[in-house]
Amino acid sequence: MLSARRLNLNSMVINAAALVLVLSYALPYIYLLMTSIKPAADVQQIPPSFFPAVISFENFRDVLHSSTLPRALASSLTVAVLTTILSLAVAVPAAYVATQYRRRITTLFLLFALVTRMVPSVSLGVPLFQLLKSLGLLDTVPGLVLAHTSAAVPLALLLMAAFFEGVPKDLEEAARMDGCTRFQAFLKVILPIMTGGIAVTALFTFITSWNEFLYALLLTSEATKTAPIVIAEYNSVYGLAWGAMTAAAVLYSLPVIIITLALQKQIVGGLTFGAVKG
């Protein structure tokens, strides 16, 4: 009986701690959401209120009908999706070869990918600007996709390498004995069991591109301006448009939330992949 009570108490403490942790992360977003549905006159009231006295969607109407946000959201989504596809196309096979066929060159390859993640993006901005300008790709979707891919591939490569480390080499050998080539074994045997790892890598790659600000600021103007740039422009010399900015930020956060919820089973499976062996 005493043991059962102690177990109950421990469970309650853990649940309470988990609730506090979740609320600490969720509170800023909840406040952002509450601010976005306040009437314009109430957004900057003093003292500020957490909950709106009246629920109003005028901020959302304003940013969707009288700003460049819809086009910027479409541009961000296009760039992020293309960056994710291109990064996975490069990183998945490269990570598999680097982990399953260990050589000194593959070890150096992974080390180089790690080192590139340590290079500040600001130091690469001007060279990228000059390169894309010479190619005629400034303020274009392909140019921005290439810039984002250069930052996303090292991350995708390191993530996929970690997942491939948990794949037994016996799987490929068994497929080879059944008559598969190395490529067929990779395509038909290895990839199907790596859906969780690929989903996790795709999500982080998408977020890397979706949230990127510096390259979008340097390499785009009006034609392919992304959502982070438009949201930042609500802070102007005329003041900070809190209502419009919070409404735009809520709309901007929705794709990542939807994708995460849609892929939650694959993400959980990917995060626990290789945790139990034997």
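Because the structure is predicted, anything quoted here is derived from the model rather than measured.

### Topic: the overall build of the chain
Argument step 1. Helix and strand counts for the chain come out as 14 helices and two strands.
Argument step 2. Here the C-alpha atoms of the chain give a radius of gyration of 23 Å, more than 25% beyond the 19 Å that 2.2 N^0.38 yields for 278 residues.
Argument step 3. The C-alpha extent of the chain, read off along each of the three principal axes, is 75 × 70 × 30 Å.
Argument step 4. Looking at the chain as a whole, 37% of its 278 residues are labelled buried.
Argument step 5. Carbon and sulfur atoms make up 71% of the accessible area of the chain, which totals about 16400 Å².
Argument step 6. In the chain, the 17 positive side-chain charges and the 12 negative ones have mean positions that sit 10 Å from each other.

### Things to note about the pattern of salt bridges
Argument step 1. Under the defined criterion, the tally for this structure stands at two salt bridges.
Argument step 2. Between Glu222 and Lys225 there is a salt bridge, and its shortest N-O distance comes to 3.0 Å.
Argument step 3. Given the relative accessible area of 11%, Lys225 is considered buried.
Argument step 4. Of the charged contacts in the structure, one is a salt bridge between Lys225 and Glu233, with a shortest N-O distance of 3.0 Å.

### Some words on the environment of Arg61
Argument step 1. Locating Arg61 in the fold gives a position in helix 3 (residues 58–65).
Argument step 2. Remark: the alpha-carbon pair of Arg61 and Leu251, spanning 190 residues in sequence, is separated by 11 Å.

### Some thoughts on the packing of aromatic side chains
Argument step 1. One pass over the full model with this rule turns up seven aromatic pairs.
Argument step 2. Consider the rings of Phe57 and Phe60, whose centres lie 6.2 Å apart with planes at 50°: the pair is tilted.
Argument step 3. Take Phe57: its relative accessible area is 54%, and that puts it in the exposed class.
Argument step 4. Ring centres of Phe206 and Trp210 lie 5.6 Å apart, and the angle between their planes is 15°; this geometry places the pair in the stacked category. Of this pair, Phe206 and Trp210 both sit in helix 10 (residues 195–210), four residues apart, roughly one helical turn.
Argument step 5. A residue is classified by how much of its surface remains accessible, and Trp210, at 3% relative accessible area, is buried.
Argument step 6. An aromatic cluster is built from Tyr31, Phe50 and Phe51, whose rings are joined through pairwise contacts.

### Looking at the side chain of Lys38
Argument step 1. Tracing the chain through its elements places Lys38 in the loop between helix 1 (2–36) and helix 2 (40–43).
Argument step 2. Setting aside residues no more than four positions away along its own chain, Lys38 makes contact with Val43, Ser49, Phe50, Phe51, Pro52, Val54, Ser56 and Asn59.

### Looking at the confidence of the model for the chain
Argument step 1. Residues at a pLDDT of 70 or more form 93% of the chain, whose mean pLDDT is 84.
Argument step 2. Across residues 274–278, confidence stays below pLDDT 50; counting only partners more than four residues off in sequence or on other chains, it has two contacts.

### Quick look at helix 4 (residues 69–100)
Argument step 1. With 32 residues, helix 4 ought to run about 46 Å at 1.5 Å a step, and its terminal C-alpha atoms sit 45 Å apart, in line with that.
Argument step 2. At Leu88, helix 4 shows its maximal kink, close to 25°.

### Some thoughts on helix 13 (residues 242–262)
Argument step 1. The terminal C-alpha atoms of helix 13 lie 30 Å apart, and with 21 residues this matches the ideal 30 Å at 1.5 Å per residue to within 8%.
Argument step 2. At Leu254, helix 13 is deflected by roughly 30°, the largest bend along its length, and proline Pro255 occurs up to four residues later in sequence.
Argument step 3. Buried within helix 13 are the following residues: Gly243, Ala244, Met245, Thr246, Ala247, Ala248, Ala249, Val250, Leu251, Tyr252, Ser253 and Val256.

### So, the packing of helix 7 (residues 141–164) against helix 10
Argument step 1. Contact pair helix 7 / helix 10: the axes reach a minimum separation of 9 Å and the direction vectors enclose 155°. Viewed along their axes, helix 7 and helix 10 adopt a mutual orientation that is roughly antiparallel. Like other packed secondary-structure pairs, helix 7 and helix 10 cross with a definite hand, here right-handed. Of helix 10, the residues touching helix 7 (which contributes His148, Ala152, Leu155, Ala156, Leu159, Met160 and Phe163) are Gly197, Ile198, Val200, Thr201, Phe204, Thr205, Thr208 and Ser209.

### A short note on the packing of helix 5 (residues 104–118) against helix 7
Argument step 1. Axis separation between helix 5 and helix 7 bottoms out at 9 Å; the angle between their running directions is 130°. It follows from the interaxial angle that helix 5 and helix 7 lie oblique. Crossing angle aside, the handedness with which helix 5 passes helix 7 is left-handed. Side by side, helix 5 and helix 7 meet where Phe109, Leu110, Ala113, Leu114, Thr116 and Arg117 of the first sit next to Ala151, Pro154, Leu155, Leu157, Leu158 and Ala161 of the second.

### A word on the environment of Leu32
Argument step 1. In this fold, Leu32 is placed in helix 1.
Argument step 2. Apart from the residues within four sequence positions on either side, Leu32 is in contact with Thr246, Ala249 and Val250.

Criteria and thresholds
Residues numbered from 1 in each chain as written. Predicted model: local features only at pLDDT ≥ 70, side-chain atom pairs only at ≥ 80, totals over all residues. Heavy atoms only, no water. Helix = DSSP H or I, 4+ residues; strand = E, 2+ residues; numbered from the N terminus. Rg over C-alpha atoms; globule rule 2.2 N^0.38 Å. Buried < 20%, exposed > 50% of the residue type's maximum accessible area, 1.4 Å probe, protein only. Areas by Shrake-Rupley, 256 points an atom, 1.4 Å probe, with all protein chains shown as cover. Lys, Arg positive; Asp, Glu negative; His and termini not counted. Charge placed at Lys NZ, Arg CZ, Asp CG, Glu CD. Salt bridge = Lys/Arg side-chain N within 4 Å of Asp/Glu carboxyl O. Phe/Tyr/Trp six-rings, centres within 6.5 Å; stacked < 30°, edge-to-face > 60°. Contact = heavy atoms within 4.5 Å. pLDDT = per-residue confidence, 0-100. Expected span 1.5 Å × (residues − 1). Bend = angle between axes of the 7 residues up to and from the residue. Axes fitted to C-alpha atoms, helices over the stretch in contact; angles between N-to-C directions. Parallel < 35°, antiparallel > 145°, perpendicular 65-115°, else oblique. Left-handed = near helix turned anticlockwise from the far one by under 90°.

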